[in-house]
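# Analysis of the macromolecular model
Residues per chain are reported as follows:
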Amino acid sequence: MATRKNNISKQIQLLAQILISVKFLRFFFFFYSFLSFIFWFLNCFEVDWLYLFNWLFVFPYQLINTFYKPEGMSADFTLAIIGGISLFLGFFFDFISNIIAPKIVDLKEKEEKIKQARQMQRKRTRKKTVVPGSVQTEQNDILNENNTDLPQENPKLLFIITPHINKIKKNEDDLEFTFQDIELWKQRVNKKLLENVNYSKPLQKGYYRKNLFLMYKDFNYVDDFIYYIKPTLESIVIEFKKYGVAVSYCYVLSTISDTMTLEKELDCMDTVLSLNFINDLVVTNRFKIIYDNKPTRQYTPIIKGEYNLSKNLTVTNRQPLFSLTSKEKEHKL
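This write-up is about the structure you can find in this document. (Residues numbered from 1 in each chain as written. Predicted model: local features only at pLDDT ≥ 70, side-chain atom pairs only at ≥ 80, totals over all residues. Heavy atoms only, no water.)

In terms of helices and strands, the protein chain carries eight helices and seven strands. A burial count over the protein chain gives 39% of its 333 residues as buried. A separation of at least 24 residues holds for 70% of the contacts in the protein chain among residues at least 6 apart in sequence. Here the protein chain displays about 20200 Å² of accessible surface, and carbon together with sulfur accounts for 58% of that area. (Helix = DSSP H or I, 4+ residues; strand = E, 2+ residues; numbered from the N terminus. Buried < 20%, exposed > 50% of the residue type's maximum accessible area, 1.4 Å probe, protein only. Contact = heavy atoms within 4.5 Å. Areas by Shrake-Rupley, 256 points an atom, 1.4 Å probe, with all protein chains shown as cover.)

What follows concerns the pattern of salt bridges. Tallied over the entire structure, the rule returns ten salt bridges. Between E234 and K230 there is a salt bridge, and its shortest N-O distance comes to 2.8 Å. Placement of both E234 and K230 in helix 6 (residues 222-241) is noted, with a separation of four residues, approximately one turn of the helix. Take K230: its relative accessible area is 29%, and that puts it in the partly exposed class. (Salt bridge = Lys/Arg side-chain N within 4 Å of Asp/Glu carboxyl O.)

On to the environment of N54, then. Relative to the helices and strands, N54 resides in the loop between helix 1 (2-44) and helix 2 (58-64). Since its relative accessible area comes to 46%, N54 is described here as partly exposed.

In this structure, S97 sits in helix 3 (residues 78-130). Take S97: its relative accessible area is 2%, and that puts it in the buried class. Looking at S97, its side chain comes within polar contact range of the side chain of R26, at 3.5 Å. Within the structure, the side chain of S97 is placed 2.7 Å from the backbone oxygen of D94, a separation counted as a polar contact. Leave out the neighbours within four places in its chain, and S97 touches L19, V22, K23, R26 and P102. (Polar contact = N/O pair within 3.5 Å; in protein donor to acceptor, adjacent residues only side chain to side chain.)

In structure tokens:
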């Protein structure tokens with residue numbers, strides 16, 4: 001495990017050095033493109049002092065002139081061509097940096113998981129030494145053998161939700177809500193939901209890309225949270241129906257190690273929301289791993305399938321998603 005961690009550390013260092021170089025090249029070509037277009041514009045007006053900066057464009061000018069000959073033309077577009085090529089290269093290196101950066105984040109996360117697994121292994125060893133064969137030791141054995149993706153000993157519960165708004169039509173010729181109408185009703189639904197969940201005292205609450213999220217410090221609160229959130233959402237649906245507004249929801253549950261990974265996990269959950277699983281409480285694989293190791297569980301995660309949760313079209317990040325089903329009633333929440 002130590003060798004694996006060292007290999008990951010070397011990969012992170014190498015990719016970080018490449019990323020620095022790529023970002024420098026991105027900045028250089030964007031800036032060079034800007035200069036080229038500015039000087040081309042000034043050159044069209046035959047500004048006298050431009051010759052002082054000829055050294056900036058000597059090599060690319062000669063390179064372009066191997067296939068483009070401005071002689072006999074009313075205007076010289078060489079600098080504009082240089083600017084266009086530089087702009088293309090700037091976007092190219094920007095594209096490369098957007099590929100490398102997520103890989104570094106993923107490697108750092110793997111490195112952190114290995115570190116946590118080693119720490120848990122040491123704790124398990126100490127517990128076995130102090131209390132051989134105890135129940136607590138057996139539970140720790142199971143957690144370590146079946147799962148290297150555990151966030152930590154006391155993971156946090158994370159919930160994100162977006163309401164879907166539709167107009168209840170009384171007549172066929174009734175007009176649909178405008179975009180502004182939908183946004184206004186969403187704000188009212190979210191405000192009402194916040195008022196109703198204040199009792200649960202979330203550790204943190206706010207909006208991520210206009211989607212309401214709640215974070216609780218103790219993952220073990222999850223069953224109670226689901227028990228109370230379901231009738232709360234149903235009451236909001238009934239209340240807004242009186243105003244001719246049909247409310248449905250997309251929501252996701254997950255878990256995080258600490259607030260340092262909050263934004264990344266919310267970004268992943270936001271992607272899950274975009275899959276539009278209406279009124280189906282979807283949970284991530286991270287959630288399932290932790291939930292399956294709870295001593296008592298009131299719900300069963302049922303596999304929905306594997307989905308690409310990467311917003312970068314060049315990166316495939318297929319992850320399983322699950323739907324929570326009540327053990328007693330065997331229906332979706």
